[in-house]
Amino acid sequence: MIEAQRLTKRYGEKTAVDGLDFVVRPGTVTGFLGPNGAGKSTTMRMIVGLDTPTSGSVTVNGSRYAGHRAPLQEVGALLEARSVHPGRSAYQHLRALALTHGIPRRRVDEVIALTGLGSVAGKRAGSFSLGMGQRLGIAAALLGDPRTVMLDEPVNGLDPEGVLWIRNLLTSLAAEGRTVFVSSHLMSEVAQVADHLIVVGRGRLLADTTVRDLVREAGGDTVRVATGDPGRLREVLAGPGVEITGRPGSEELQVSGVTAREVGLKAAEHGIPLFELSARAVSLESAFMELTRDAVEYHGTTTTAADRTGSAA
Ligand SMILES: Nc1ncnc2c1ncn2[C@@H]1O[C@H](COP(=O)(O)OP(=O)(O)OP(=O)(O)O)[C@@H](O)[C@H]1O
Ligand SMILES: [Mg+2]
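What you are looking at is a predicted structure, and each value in this text was computed from that prediction instead of being measured.

Draft legend 1. Highlighting the overall build of the chain. Looking only at helices and strands, one finds 12 helices and 13 strands in the chain. With the C-alpha coordinates of the chain rotated into their principal frame, the extents come out at 75 × 60 × 40 Å. Here the chain holds 313 residues, and the buried ones make up 45% of them. Surface summary for the chain: the accessible area is close to 16,000 Å², and the carbon and sulfur share equals 51%. Counting 34 positive and 34 negative side-chain charges, the chain places the centres of these two groups 8 Å from one another.

Draft legend 2. Main features of the domain arrangement of the chain. Domains assigned within the chain are domain 1 (2-215) and domain 2 (221-281). Computed over C-alpha atoms, the centres of domain 1 and domain 2 are 44 Å apart.

Draft legend 3. Structural context of the sheet that holds strand β1 (residues 2-11). Read across the sheet, three strands follow the order β2-β1-β4 without closing on themselves; strand pairing throughout is antiparallel. With one partner strand each, in any of the chains shown, β2 (14-24) and β4 (55-60) form the two edges of the open sheet. Taking each pair of neighbouring strands and ignoring which way they run, the sheet shows an average axis angle of 20°. For β1 and β4, the ladder comprises five bridges, and the chain directions are antiparallel. Pairing of Ala4 across the sheet is with Val58, part of β4. Of the strands in this sheet, β1, β2 and β4 touch helix α1 (residues 40-47), which is tilted by about 115° from β1.

Draft legend 4. Representation of the packing of aromatic side chains. Taken as a whole and assessed by the stated rule, the structure comprises three aromatic pairs. Between Phe22 and Phe32 the ring centres are 6.0 Å apart and the planes differ by 45°, which places this aromatic pair in the tilted class. Taken together, the positions of Phe22 in strand β2 and Phe32 in strand β3 (residues 29-33) put the pair 10 residues apart, joining distant regions of the chain. Assigned by exposure class, Phe22 and Phe32 land together as buried. Seen from their ring centres, Phe22 and Phe181 are 5.8 Å apart, and the 35° between their planes marks the pair as tilted. Here the residue Phe22 occupies a position in strand β2, and Phe181 occupies one in strand β7 (residues 179-184), the gap between them amounting to 159 residues. Residue Phe22 is classed as buried on the basis of its relative accessible area of 2%.

Draft legend 5. Representation of the sheet that holds strand β8 (residues 196-201). Spatially, the six strands line up as an open sheet ordered β5-β6-β7-β3-β8-β9, and their pairing is mixed. Here the strands that pair on one side only, and so sit at the sheet edges, are β5 (75-78) and β9 (204-210). Neighbour-to-neighbour, the strand axes of the sheet open up by a mean angle of 15°, direction not taken into account. Pairing geometry for β3 and β8, over four bridges, is parallel. Within β8, the residue paired with Leu33 across the bridge is Val199. Each of β3, β6 (148-152), β7 and β8 is contacted by α1, which is oriented at about 150° to β7, the strand it contacts most.

Rules behind the numbers
Residues numbered from 1 in each chain as written. Chains lettered and ligands numbered in written order. Predicted model: local features only at pLDDT ≥ 70, side-chain atom pairs only at ≥ 80, totals over all residues. Heavy atoms only, no water. Helix = DSSP H or I, 4+ residues; strand = E, 2+ residues; numbered from the N terminus. Buried < 20%, exposed > 50% of the residue type's maximum accessible area, 1.4 Å probe, protein only. Areas by Shrake-Rupley, 256 points an atom, 1.4 Å probe, with all protein chains shown as cover. Lys, Arg positive; Asp, Glu negative; His and termini not counted. Charge placed at Lys NZ, Arg CZ, Asp CG, Glu CD. Domains from an automatic or database assignment. Pairing = 2+ DSSP bridges. Axes fitted to C-alpha atoms, helices over the stretch in contact; angles between N-to-C directions. Contact = heavy atoms within 4.5 Å. Phe/Tyr/Trp six-rings, centres within 6.5 Å; stacked < 30°, edge-to-face > 60°.

Below, the structure is given as structure tokens:
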């Protein structure tokens, strides 16, 4: 469990984290989302005591990180995958970390196997590819068999097989009852694993929600249906929480509050012919962009043909 209260970090004039209040609970994956520079890494650094809050506080499993006697057993964190001595082998790196906590050699072998580093464990970490470095960082995070696991952008640099592996790992850690907190600047990525979402922008909390609610708010649970008898279909679908819209005289209706499957079953039950039935594919990415639009600091620019003509003239 991670609990932040009015958590704030200023660097000179810059407020990187601005009064964040949130709780990350065990047994589920919580996604920590926000555009570049939103304050995700800063928040995570404060969680593990690598940065001191300017004001407010944050605790892991009930106390401040520094207050834990064996922190690696409370929270395993991947922040900078590259913070490994390049001359040490993956095995030596993990073994050295393990020695600080009296963690047995057996556990080092376990995390090496778990992260698929077996064949390169004896190689210098400095020669590792981005993906291998990321796996080593995750191995280190899991070393203490911690109740809370926190990973900052863990899929950066991973190939599709690696991405899938991380997803399965996170889901299974949560299923074991652990607290899993994972950051990303990509909604599509987080939506695949997280149930709970904490969204930040410019250091502020923009949303504390679930993927399900976000989809609903974005109109993603809308079903589009075309039928020969819209009036009758409206009647049989009506019920609490169900909203139906459609232009008068049109065969097409938009239904929310029921699934496409339920619409199909109801229609069949009452012998109502359907011509078309589809669940609107919501773009979570656009819901996220909508939510964070005013909080994006680093906008790209688009050069239009007119601009180019202008500069050439
Ligand atoms: N040590 C520091 N000194 C000064 N400013 C900093 C420092 N660390 C972070 N910042 C600033 O604080 C803001 C938040 O940065 P942070 O790295 O936490 O964002 P982020 O959400 O992790 O972004 P990204 O998605 O790019 O990783 C940024 O504007 C950054 O420039
Ligand atoms: Mg970051």
